[in-house]
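Understanding the architecture of this molecule
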Amino acid sequence: MAAGQPILSIRDLVTEFVTPDGVVHAVDHVSYDVYPGETVGVVGESGSGKSVTAMSVLGLIPQPPGRISNGEIIFEDRDLLTLSHKQLRRIRGKDIAMVFQDPMTSLNPVLTIGAQMAEAVTTHEDVSDEVARKRCVELLELVNVPDADARFDQYPHEFSGGMRQRAMIAMAIANQPKLLIADEPTTALDVTIQAQVLEVLETAQDETNAGTILITHDLGLIAEMADRVVVMYGGRVVETGDVDQIFHSPRHPYTLGLMASLPRLDTDLERLEPIPGSPPSLISLPSGCAFHPRCRLGAGRARCRTDEPPLYQLGDGHASACHFHDEMRLEIERIEQTTGASIAEEGA
Amino acid sequence: MTAGETATAGAAGPEEDLHARTPAGQEILRVQGLVKHFQIRGGFFGRDRGAVQAVDDISFDIKAGETVGLVGESGCGKSTAGRTIVRLLDPTDGRILFKDRDLSKLSRRQLRDVRREIQIVFQDPYASLNPRMAVNEIVAEPLRVYGRYRGKEGGRERVKELLRLVGLNPEHRNRYPHEFSGGQRQRIGIARALALDPQVLILDEPVSALDVSIQAQVINLLEELQDRLGLAYLFIAHDLSVVRHISDRIAVMYLGKIVEFGTKQEVFDRPTHPYTQALLSAVPITDPRQRERSKRERIVLEGDVPNPANPPSGCRFRTRCWKAEDICATEEPQLIDRFNHGHPSACHFAELRAAAG
């Protein structure tokens with residue numbers, strides 16, 4: 001999958017928000033790449049910085065109170081952070097498209113679905129209304145909206161939640177984007193409706209060969225959709241690798257902690273092993289490794305408190321920001337024994 | 001219902017009987033033919049425009065020390081069922097039996113005594129705790145209402161004990177809800193529910209609003225409390241993995257009806273109702289090596305859940321079901337044990353399908 005040049009390259013990005021309580025370090029020196037045709041799953045809990053990173057790519061950080069104080073976001077040889085609003089507008093919705101969590105708040109309630117879709121087309125391309133309509137109806141058919149020609153003239157409230165989200169995906173791919181950013185695209189939907197939307201999302205990816213950033217808190221979605229995974233904690237990348245590495249040989253205790261916390265659909269676990277404590281405050285992150293106060297592997301070792309771990313490269317594209325990543329095999333065995341889950345199993 | 005029946009239902013049995021702990025494994029709560037319809041009124045004269053049939057004739061039982069999971073998608077009536085069982089909503093029809101006492105027939109005053117035994121924990125710990133009350137007051141309130149906040153032992157010490165029980169530091173009892181994280185707030189809600197030493201807890205999506213790592217903490221807490229206190233749980237949730245982990249038996253709901261009911265092994269490993277099969281197949285498996293098989297076996301349902309004010313005739317699932325035939329529109333399938341599993345399902349064409357796993 002990962003071949004040739006990345007379509008997007010985020011380098012050392014720092015995004016902060018100034019609040020009365022102090023500076024919120026939402027994104028703290030984050031780097032990752034997205035290649036054409038691949039899906040990068042970005043996973044983390046609330047406040048991990050996964051959405052703010054994507055908003056920074058889209059130039060949607062309100063400034064002030066936000067500010068991007070460091071880094072580069074390279075898209076097709078251009079640094080998006082240096083572009084004017086006007087230049088960004090030409091890219092956004094055309095080469096870079098997005099799908100958000102709640103389609104009701106991202107659609108205009110007083111315009112028909114068709115008018116909004118057609119606008120997405122005509123903004124970036126000089127085509128007649130008829131051509132735009134024809135293309136939009138085809139797109140609605142592609143995303144399995146029944147009776148697409150009639151549906152084109154309906155308003156968002158006449159669509160069900162799942163259908164609205166499918167229409168959003170249709171709109172996102174209307175201009176053959178090179179990069180698709182999907183931020184919790186199915187979180188608001190029921191699981192049978194999620195299945196419909198995921199099917200459509202995969203069709204859309206096949207149609208466009210766009211690189212995709214899939215932001216979610218749902219590890220099941222990551223396991224099913226992602227080629228590579230970026231795990232975030234406290235505004236930082238703590239582990240990255242291909243999806244099999246992340247799920248079957250995690251090399252960061254936070255990644256393993258997430259898996260040990262998760263009830264499984266396909267098997268009965270003896271017990272869950274939660275991560276103790278709560279996520280950190282982004283205003284005053286713990287010193288050294290931000291995860292150290294909750295970490296069983298670190299067990300209070302001084303190095304975790306004093307040195308912020310770099311992203312250690314472990315080969316084959318796998319990287320972990322843990323000083324003691326080489327102790328993870330034993331830690332996985334311990335978790336397998338306490339929870340009854342099999343993580344490091346060989347073969348399928 | 002006559003006045004005489006009401007009186008006996010309320011006053012039956014001595015006080016000890018109602019509050020005596022039911023031994024583990026013995027039935028403690030039975031719901032029979034429970035119906036909750038919401039009238040729709042509209043138009044100029046406020047005429048009756050029909051009813052939303054949120055819960056339509058559901059029956060099940062819960063044993064002491066056991067967890068029954070009530071699972072389904074939004075709008076299936078699972079939360080309405082929970083609220084009707086504790087009579088936050090009045091049932092349209094049916095019986096709710098706590099130790100043979102029918103809650104559906106009791107007056108507000110008579111209910112008071114039974115309510116001690118059946119408490120509820122809500123989904124959103126941000127909305128269900130009064131922001132102007134310190135934690136101490138929130139947990140003490142049920143005790144005060146029942147006149148049990150008395151003296152050092154029954155009062156302050158009891159609150160501290162409850163906070164310790166749910167894993168909170170009693171020294172934080174003078175803090176306000178906003179000073180706690182989501183997971184800690186849910187612990188406060190649980191402490192409040194436990195204040196009167198109930199035997200049954202209705203848990204309405206208690207972990208849905210929480211992040212994964214915190215969710216696991218609360219699930220473990222609920223399991224520990226059940227072991228220590230012998231509680232019976234009705235665990236209402238949409239997350240099938242969570243329901244599988246915590247439940248002993250599971251009822252699957254669709255559009256106001258229970259479509260399948262059985263032990264978790266039966267329902268998850270040998271589902272026979274097409275809706276259960278589709279629901280289970282739709283959940284992404286947290287193992288990339290099972291991705292291809294999971295997608296291959298996935299049943300993607302068409303369309304959306306119909307309007308509960310105007311449900312389909314016969315089987316309510318037939319409009320989305322790939323097995324539907326004429327009989328499904330004319331004859332409502334009964335929830336019966338079709339394979340002698342002790343595991344009923346409400347489908348004319350129920351059949352076993354090898355489940356993933």
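For the structure, check the block above.
Fair warning: this is a prediction, and the values are worked out from it, not measured in the lab. (Residues numbered from 1 in each chain as written. Chains lettered and ligands numbered in written order. Predicted model: local features only at pLDDT ≥ 70, side-chain atom pairs only at ≥ 80, totals over all residues.)

**Structural notes on the overall build of chain A**
Broken down by element type, chain A carries 13 helices and 12 strands. On C-alpha atoms alone, chain A measures out to a radius of gyration of 21 Å, which is about the 20 Å that the 2.2 N^0.38 rule sets for 348 residues. For chain A, the C-alpha atoms occupy an extent of roughly 65 × 45 × 40 Å along the three principal directions. The burial tally for chain A puts 51% of its 348 residues in the buried class. Contacts spanning at least 24 positions in sequence make up 66% of the contacts within chain A whose residues lie at least 6 apart. (Helix = DSSP H or I, 4+ residues; strand = E, 2+ residues; numbered from the N terminus. Rg over C-alpha atoms; globule rule 2.2 N^0.38 Å. Buried ≥ 20, exposed ≤ 12 C-beta atoms within 10 Å, placed from the backbone. Contact = placed C-beta atoms within 7 Å.)

**Remarks on the overall build of chain B**
Tallying secondary structure elements over chain B gives 13 helices and 10 strands in all. Relative to the compact-globule value of 21 Å for 357 residues, chain B shows a C-alpha radius of gyration of 22 Å, a close match. The dimensions of chain B, computed from C-alpha atoms along their principal axes, are 65 × 60 × 50 Å. Here chain B holds 357 residues, and the buried ones make up 46% of them. Contacts spanning at least 24 positions in sequence make up 67% of the contacts within chain B whose residues lie at least 6 apart.

**Description of the pairing of strand 10 (residues 257-263) of chain B**
All names here are of chain B. Counting buried residues along strand 10, six of its seven residues qualify, which places the element largely inside the surrounding structure. Sheet topology note: the strand 9 (residues 249-254)/strand 10 ladder contains six bridges and is antiparallel. The residue of strand 10 that forms the bridge with Ala251 is Phe261. Once strand 9 ends, the chain turns through two residues before running back antiparallel as strand 10, passing Leu255 with a positive phi of about 50°. (Pairing = 2+ DSSP bridges.)

**Here's the deal with the interface of chain B and chain A**
Chain B puts 36 residues into the contact, and the matching count from chain A is 36 residues. Breaking the side of chain B that touches chain A down by element, the ones donating at least two residues are helix 8 (212-229), helix 9 (240-246), helix 11 (274-282) and helix 12 (291-296) of chain B. Per-element accounting of the side of chain B that touches chain A gives the leading share, eight residues, to helix 8 of chain B.

**Topic: the sheet that holds strand 1 (residues 8-19) of chain A**
The strands making up a sheet associate through backbone hydrogen bonding, with each pair oriented either parallel or antiparallel. All names here are of chain A. Here four strands make up an open sheet; going across it, the order is 2-1-4-5 and the pairing antiparallel. Single-partner strands in this sheet number two, and they are strand 2 (22-34) and strand 5 (78-79). The pairing of strand 1 with strand 2 spans 10 bridges and is antiparallel. When the bridges of strand 2 are listed, Leu13 appears paired with Val30. Lying over the sheet, helix 1 (residues 50-58) contacts strand 1, strand 2 and strand 4 (66-75), oriented at roughly 105° with respect to strand 1. (Axes fitted to C-alpha atoms, helices over the stretch in contact; angles between N-to-C directions.)

**Looking at unusual backbone geometry**
Residues and elements named next belong to chain A. The linkage connecting Gln63 with the following residue, Pro64, adopts the cis geometry, with an omega of -15°. Its location among the elements puts Pro64 in the loop between helix 1 and strand 4. The linkage connecting Pro64 with the following residue, Pro65, adopts the cis geometry, with an omega of 10°. Relative to the elements of secondary structure, Pro65 occurs in the loop between helix 1 and strand 4. Despite not being glycine, Asn144 shows a phi value in the positive range, around 60°. If you trace the backbone, Asn144 turns up in the loop between helix 5 (129-142) and helix 6 (148-151). A positive phi angle, close to 50°, is found at Gln176, a residue other than glycine. By the element assignment, Gln176 lies in the loop between helix 7 (161-172) and strand 7 (179-183).

**Thoughts on the sheet that holds strand 6 (residues 118-121) of chain B**
Residue and element names in this part refer to chain B. Taken in spatial order, the six strands make up an open sheet running 6-7-8-3-9-10, and their pairing is mixed. The strands lining the two open edges of the sheet, one partner per strand, are strand 6 and strand 10. Within this sheet the neighbouring strands show an average axis-to-axis angle of 15°, counted without direction.

**What about the packing of helix 4 (residues 113-124) of chain A against helix 5 of chain A?**
Residue and element names in this part refer to chain A. At a minimum axis separation of 9 Å, helix 4 and helix 5 run at an interaxial angle of 115°. Our classification of the angle between helix 4 and helix 5 gives roughly perpendicular. The chirality of how helix 4 crosses helix 5 is right-handed. Contact with helix 4, carried on its side by Gly114, Met117, Ala118, Val121 and Thr122, involves Asp129, Ala132, Arg133, Arg135 and Cys136 of helix 5 and no other residues of that element. In terms of residue class, the contact of helix 4 with helix 5 is built from five nonpolar, two polar and three charged. (Parallel < 35°, antiparallel > 145°, perpendicular 65-115°, else oblique. Left-handed = near helix turned anticlockwise from the far one by under 90°. Nonpolar A, V, L, I, M, F, W, Y, C, P; charged D, E, K, R; others polar.)

**Observations regarding helix 1 of chain A**
In terms of burial, helix 1 of chain A is largely enclosed, as seven of its nine residues are buried. Burial in helix 1 of chain A covers these residues: Lys50(A), Ser51(A), Val52(A), Thr53(A), Ala54(A), Ser56(A) and Val57(A).

**Comments concerning the nonpolar core**
In this structure, Ala167(A), Ile169(A), Ala170(A), Val139(B), Leu234(B) and Phe235(B) are the most contacted members of the largest nonpolar core, which totals 193 residues. Residue contacts for Ile169(A): discarding those within four places in its chain leaves Val99(A), Val143(A), Val200(A), Leu201(A) and Ala204(A). (Core = buried A, V, L, I, M, F, W, Y, C linked by C-beta atoms within 7 Å.)

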